[in-house]
Amino acid sequence: VQLQASGGGLVQAGGSLRLSCAASGRTFSSYLMGWFRQAPGKEREFVAAISWSGGSTYYDDSVKGRFTISRDNAKNTVYLQMNSLKPEDTAVYYCAARRTVITTRTYEYDYWGQGTQVTVSS
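Computed from a predicted structure; not experimentally measured.

Caption draft 1: Main features of the overall build of the protein. The helix and strand tally for the protein stands at zero helices and eleven strands. When the helices and strands of the protein are placed in sequence order, the string is β-β-β-β-β-β-β-β-β-β-β. Radius of gyration (C-alpha) of the protein: 13 Å, near the 14 Å computed for a compact globule of 122 residues. Structurally, the protein occupies a C-alpha span of about 40 × 25 × 25 Å along its principal axes. Of note, the protein has its 13 positive side-chain charges centred 7 Å away from the centre of its 9 negative side-chain charges.

Structure (structure tokens):
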């Protein structure tokens, strides 16, 4: 599966952005999807993940209550709605896919998008 992330940009603190990740292929609904982010000088970290059907979601504590992950299998797309953004949310955001169980571990995801930059100004 090939992934293409989009929707990043520059936003003021307290603002919102919605990221999209479009997937190629006919088997999108068989993949678990995750969002990760990487700030300058830091390791890539887990943000959120969603099950095949969208019925289960998982969030890092740092974004819980502010970010919402969702998916539309008919459109082969996963979304990350980001509200109440903070300067510390500034990073390149990546979408990723894997089969089997949900995990927060970066190295357990098999497919990655190219990343989209999110910058939150104070």
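On we go.
Caption draft 2: Seen up close, the pattern of salt bridges. Using the criterion set out here, one finds five salt bridges in the structure. A salt bridge links Arg37 to Glu45, with the nearest nitrogen and oxygen atoms 2.7 Å apart. On the basis of relative accessibility, which here comes to 5%, the residue Arg37 falls in the buried class. Put simply, Arg66 and Asp89 hold a salt bridge, and the shortest N to O gap is 2.8 Å. One end of the pair, Arg66, is in the loop between strand E6 (57–59) and strand E7 (67–72); the other, Asp89, is in the loop between strand E8 (77–82) and strand E9 (91–98), and 23 residues separate them in sequence. Asp89 matches Arg66 in its accessibility class, with the two residues each being buried.

Caption draft 3: How the structure looks around the packing of aromatic side chains. Following the criterion strictly, the structure yields six aromatic pairs and no others. Ring centres of Phe36 and Tyr109 lie 5.0 Å apart, and the angle between their planes is 75°; this geometry places the pair in the edge-to-face category. Of this pair, Phe36 sits in strand E4 (residues 32–38) while Tyr109 sits in the loop between E9 and strand E10 (111–112), placing them 73 residues apart in sequence. Taken individually, Phe36 and Tyr109 each receive the classification buried, so the pair is uniform in this respect. Centroid distance Tyr94 to Trp112: 6.4 Å. Interplanar angle 80°. Geometry classified as edge-to-face. Within this pair, whereas Tyr94 is found in strand E9, its partner Trp112 is found in strand E10, the two being separated by 18 residues in sequence. A residue is classified by how much of its surface remains accessible, and Tyr94, at 13% relative accessible area, is buried.

Caption draft 4: Seen up close, the side chain of Arg66. For Arg66, a relative accessible area of 11% puts it in the buried group. There is a polar contact of 2.8 Å between the side chain of Arg66 and the side chain of Asp89. Other than its neighbours up to four places away in sequence, Arg66 contacts Gln81, Met82, Asn83, Ser84, Leu85, Lys86 and Asp89.

Caption draft 5: Up close: the environment of Thr103. Within the secondary structure layout, Thr103 lies in the loop between E9 and E10. For Thr103, a relative accessible area of 6% translates into the label buried. Linking Thr103 and Lys42, residues 61 residues apart in sequence, is a C-alpha distance of 20 Å. Ignoring anything within four residues of it in the chain, the contact list for Thr103 reads Phe46, Arg98, Glu108 and Tyr109.

Parameters at a glance
- Residues numbered from 1 in each chain as written.
- Predicted model: local features only at pLDDT ≥ 70, side-chain atom pairs only at ≥ 80, totals over all residues.
- Heavy atoms only, no water.
- Helix = DSSP H or I, 4+ residues; strand = E, 2+ residues; numbered from the N terminus.
- Rg over C-alpha atoms; globule rule 2.2 N^0.38 Å.
- Lys, Arg positive; Asp, Glu negative; His and termini not counted.
- Charge placed at Lys NZ, Arg CZ, Asp CG, Glu CD.
- Salt bridge = Lys/Arg side-chain N within 4 Å of Asp/Glu carboxyl O.
- Buried < 20%, exposed > 50% of the residue type's maximum accessible area, 1.4 Å probe, protein only.
- Phe/Tyr/Trp six-rings, centres within 6.5 Å; stacked < 30°, edge-to-face > 60°.
- Polar contact = N/O pair within 3.5 Å; in protein donor to acceptor, adjacent residues only side chain to side chain.
- Contact = heavy atoms within 4.5 Å.

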